[in-house]
Each structure stands twice: as C-alpha cells, then as structure tokens.
Amino acid sequence: MSINKGKANGNSETTEFVEPRDRKKRRAIENRMEVEVINGVEGKVKSHSSLKRVKNVEGGEQRKISVPAHRYTPLKENWMKIFTPIVEHLQLQIRFNLKTRNVELRTAPETPDIINLQKGADFMKAFIYGFEVEDALALLRLDDLFVETFEVQDVKPLKGDHLSRAIGRLAGKGGRTKFTIENVTKTRIVLADSKIHILGSFQNIQLARRAVCNLILGSPPSKVYGQLRNVASRVSERL
C-alpha cells in the first residue's frame, strides 16, 4: 500500500493512505456485476461486456466430455436443446463421437472468445452429471456459477442400509427435502447414487452443502429446515 507524507503546520507530518489501483479496479468490476436469478439459480452477470476480446487461433482448442451409458438416452432426447445454445450463442462446433462415446467441442473461426469453449464444456459436464438442460443453461448466462461434487462417504463413512437411509434423508418424501434446500439456497442439487452434485454460486453452494452434510450426519429434517430458515432471513435482511 502506497503512503503519501506531507508537511502540515510546523514540522508535524500527516500520513495519507492511498488505495491501490488494483483494489479500485476490482471494486469497480464488482460494482458492474448484477445479481440475477435464472430458473431458480442465483448468480452474477456482467452488466457491460468486457472491452478486451481474446481472439482464438483457428482450430486451436478442443474439449472432450465422456458420456456414461445411463446418460445416452437423455443426451439423445435433449440434443437440440444442447446443440442450439452451443452453436448459436457460444458459436462453437459440437459433435457426438460414437466410437469413443465422447461429446467433442471445438472452437470455430467465428468464435468471439476462447472462454466460450470452457463455458460450453462446463455446460455439457453439468448435463452429464444429471442437471436439467434449463438449469445447466444458467452456467452460460451467469458468470459466478460452479458445480461442486462430493460423496456421502466423504462426510461420513456409511455402508449398506445406513447409506441408503442417509440418501433417503437427503431426498425426503417425494423429494420434498431436496426441493426445500434448493429453493431456500437458490441452488440445484442432483443425487446420483452416493454422489451429490450442487450447482450454484459459491456462497449458495456453501449453504446447501452445510444443510446436506447435517442431514448425512443424522440431523432430523425439521432441525435443518429451521437452520435454513434462519440463514434465509439473515440473507434477506442483508440484501
């Protein structure tokens, strides 16, 4: 941090703290970010497009996303919903390789920014994990969304019926517990056997993960609901 010293009346010196340029720049960028909710998922979006555009080299970059067998049918049924935003919005090239069973993304000469390739790969991975296309599309429109993955055994080593009961506590009757956590924390959750995928902003993922971990550790859903209600009221007061 730079310090400017100047002489005041007499020989006394006054010290003035000047804010570093990088901090000012970071604060200006944060001010330009607007919070937006898309399909129930909250995130930040830039109000102004960045002035610098990184041009890609023709045919320079490629991403491959492997597709497990149980996601073939959903991929086939939703192919046009996936194809349209990747080709028209991100201006990338996409194909499904039947031999290697991978979805392949590649930059095209008209791709405006190399970042679009990573966005497209994140979008495809979210769909492969089990998120709906409409939820995964939020990764393309919002800037601070992430997908976090962990297993029930990472929280508590459970086996057999104990593991089944923990997964049942997470879902709730008719999926009610999972839907409640999603709506309060503005995230999306996928329960894939013993794996848990959470889509949302960093802060919201933390809230959802804490609730999920409490349920795995044995807390009754009513207690978790109360904690979520308190957190939600605190967040609304802050906003």
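Before reading on, note that the structure itself is shown above.
Here the structure is a predicted model, which is why all the values come from computation and not from measurement. (Residues numbered from 1 in each chain as written. Predicted model: local features only at pLDDT ≥ 70, side-chain atom pairs only at ≥ 80, totals over all residues. Heavy atoms only, no water.)

Participant: I tried to follow the overall build of the chain on my own but got confused; where do I start?
Facilitator: Counting its regular elements, the chain contains eleven helices and ten strands. The buried share of the chain, reckoned over its 239 residues, is 36%. Of the contacts formed within the chain by residues at least 6 apart in sequence, a portion of 56% connects residues at least 24 apart. With the model as given, the accessible surface of the chain reaches about 15300 Å², and the carbon-plus-sulfur share is 50%. (Helix = DSSP H or I, 4+ residues; strand = E, 2+ residues; numbered from the N terminus. Buried < 20%, exposed > 50% of the residue type's maximum accessible area, 1.4 Å probe, protein only. Contact = heavy atoms within 4.5 Å. Areas by Shrake-Rupley, 256 points an atom, 1.4 Å probe, with all protein chains shown as cover.)

Participant: Is there a simple way to explain the pattern of salt bridges in this structure?
Facilitator: Any two side chains of opposite charge can pair, given that their charged atoms come close. Enumeration according to the criterion identifies seven salt bridges in this entry. For lysine 119, the salt bridge is made with aspartate 143, and the minimal N-O distance between the two is 3.8 Å. Of this pair, lysine 119 sits in helix H4 (residues 115-129) while aspartate 143 sits in the loop between helix H6 (138-141) and strand E8 (145-151), placing them 24 residues apart in sequence. For the salt bridge of lysine 178 with glutamate 182, the shortest nitrogen-to-oxygen distance reads 3.3 Å. A residue pair is termed a helical-turn pair when its members lie 3 or 4 positions apart in one helix, as lysine 178 and glutamate 182 do in helix H9 (residues 176-185) at four residues. Residue lysine 178 is classed as buried on the basis of its relative accessible area of 18%. Judged by its relative accessible area of 6%, glutamate 182 is buried. (Salt bridge = Lys/Arg side-chain N within 4 Å of Asp/Glu carboxyl O.)

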